Each structure stands twice: as structure tokens, then as C-alpha cells.
Amino acid sequence: MDVFRIRDSEDVRKITITNFEEATQKMYPYYQVNNNGKQKLYAVCPACGNTIQIINLYGIQQVQNITNVATTYGRHCNRNIAGFDPIDINRKENCDLYRPTPLGNREIMHNDQTSIELKQLIENNRDAIKKDIRKILSINLSHNILDRVIDSFIESQSYSYRAVTKYNLPYSIIYYSEAINLYSQYLLEEGRLFNNIKISFSSSRYFIISEENKITKNTNKYAEVYFNFLSYRRLNDRDFVRYKIFESEADNEYNTIFEDEIEIELIIYNE
Ligand SMILES: [Zn+2]
């Protein structure tokens, strides 16, 4: 996970050096030195209240094999840590951030209360969620499209799936949606994937990116361009989905234009 809170506080924050130092004042029990003289950092999981260890806040302790880059994240502790409540194993096993239900699963459901809260959270944060979806995709999807996708998520009661948490809404809204048509949409210049997506369109048979960064056709032939999220996976306490843009000319012929595995970054919305 990439969020934390401190004890006796409801304030959920992203794990960054500044946030962590300010919230903890670098004090015990958040900063501890173990028997081997090594500094260890701890905090509380916002979802289940159990103790988490903060990995890689300062520099490289562990290099992730997927990206070869050391990332900072919080990991649930397996044993009791001095200064924190004893581990509540039951709550930990049921924690959405410890053992997330894979995105795409439609069988395991939240209880009614959690579902109502999630629905409310989406309705209260609709604009922020739209903005975050655009940023994640690096595509400036129109209000029309995003409203349709969010409405369908709500109408289908997809927020009831256990895989949907209050921290992954933009990702789960897209994941549970059918493929989304991208024709006439604009790339988002400040998006992290902007350049990669733009370059990848050179492999498209039918579509180009115009000078105004609009996805448009370079032929009169029938063809469509879509994107979707697929293949959720969890690796080293981190969550990933495959983001794919593809074109189709006939019913079953798809040509991949762009594909990337992106990390699900947890996002905090106001309740
Ligand atoms: Zn937890």
C-alpha cells in the first residue's frame, strides 16, 4: 500500500518522506532501532488498523524486480511491534489492503453498509474521480464518456464487489467497464504516459494523433479504437493492471497499439 495513518488519527496520507516525517515527528514508536542497530519505520494500516512497516522510505533497501527501481510502500507486519496494538489477525486477513480481492472478481461482495458508503463516496467525489481517471490514462476523456462509465458502475452496483475499495476507485471503475471507445478523444499532455502513447500510435493502421493531440482516423475505412484494463496482478504487496489501447477493423481482429502494466496507486477521497 502507499498510504498510512498514525495511531489515534483518522487522517490518511500518502507515504512520502515529508508526510511521514511531519505526521510522526520522527518519534517512537514510528521510528525504532532494532537489535541489530537498524532503523525501522512503522505506522498503522488505514483499512484494518494493524501495524505496517514502511519499506524504502529513505533510499534503497530492496529493489523491486519488476521495474528495477526501489519504491516506498507499507507492508503489514506479521508480529506485534512495541508501541502498537497487538496484531488483530482476523482484521488483517480481511483487510482490503493486505489481501485484496483481485480486480475483476464479481463473486465476493462487501456488506451492505460498506457498499452504501462506497456509492456515497463516488457520488461525492465524481469530479475528482474523473480527473484522476484522465491522469491515470493520460487521456482527456470527455465528461460524456466518464459520466456514462461512472453511471454504469453505479447502476450495475459494481461498487458492491469486494475488489472495489475506497482507495482504488478510478482503477476499479475502469476495470469493471467494457472497453471504451477513444475516437476523437484527446491525449492529456501532462499525463505520465503521454509521450509513450503518442509514439505508439505510429504502429496504428487506421489512427493518428493530430497536432492538437486528438485521436483521429487517417483513412475512410471502417475501424474503431478502444482501451481497457485487464490482467490485474499483485506482486510484492503492490497491485498492477494492464492498460491496453487497440484498434479493430472487423469483429474479431484486434491490433494492439499501446500496452503497459501500470501500478495501482492508492488515492484518498474526502468522505
Ligand atoms: Zn490492513
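That block above? That's the structure.
Residues numbered from 1 in each chain as written. Predicted model: local features only at pLDDT ≥ 70, side-chain atom pairs only at ≥ 80, totals over all residues.

Engineer: How do you make sense of the sheet that holds strand β14 (residues 254–263) when you look at a structure like this?
Structural biologist: The pairing of strands in a sheet happens through backbone hydrogen bonds and is either parallel or antiparallel. Strand order in the open sheet formed by four strands is β8-β12-β13-β14, with antiparallel pairing between adjacent strands. Every other strand in the sheet has two partners, leaving β8 (180–181) and β14 as the edge strands with one partner each. As defined by bridge partners, strand β13 (residues 238–248) adjoins β14 across nine bridges and the pair is classed as antiparallel. The residue of β14 that forms the bridge with F240 is E263. (Pairing = 2+ DSSP bridges. Helix = DSSP H or I, 4+ residues; strand = E, 2+ residues; numbered from the N terminus.)

Engineer: I'm lost on the nonpolar core in this one. Help?
Structural biologist: Inside soluble globular proteins, nonpolar side chains tend to come together where they are buried. Core analysis: the biggest nonpolar cluster contains 57 residues, and C45, I54, I173, Y175 and V241 have the highest contact counts within it. Of all the elements, helix α6 (residues 169–175) adds the most residues to this core, at five residues. Shared between two domains, this core holds at least three residues of each, these being domain 1 (3–93) and domain 2 (112–263). Not counting chain neighbours up to four residues away, the residues in contact with I173 comprise I129, I133, V149, I150 and F153. (Core = buried A, V, L, I, M, F, W, Y, C linked by C-beta atoms within 7 Å. Buried ≥ 20, exposed ≤ 12 C-beta atoms within 10 Å, placed from the backbone. Domains from an automatic or database assignment. Contact = placed C-beta atoms within 7 Å.)

Engineer: Where do I start with helix α4 (residues 126–137) in this structure?
Structural biologist: Helical periodicity: at 3.6 residues per turn, an α-helix aligns residues three or four positions apart in one direction. Look at α4: 17 Å from first C-alpha to last across twelve residues, which is about the 16 Å you get at 1.5 Å a residue. Buried within α4 are the following residues: I129, K130, I133, R134, I136 and L137. Along α4, the residues classed as buried sweep out an arc of 165° about the axis, all on the same side. Those residues of α4 that are buried lie in contact with α3 (112–124), β7 (139–140), α5 (143–155) and α6. (Expected span 1.5 Å × (residues − 1). Arc of directions from axis to C-beta.)

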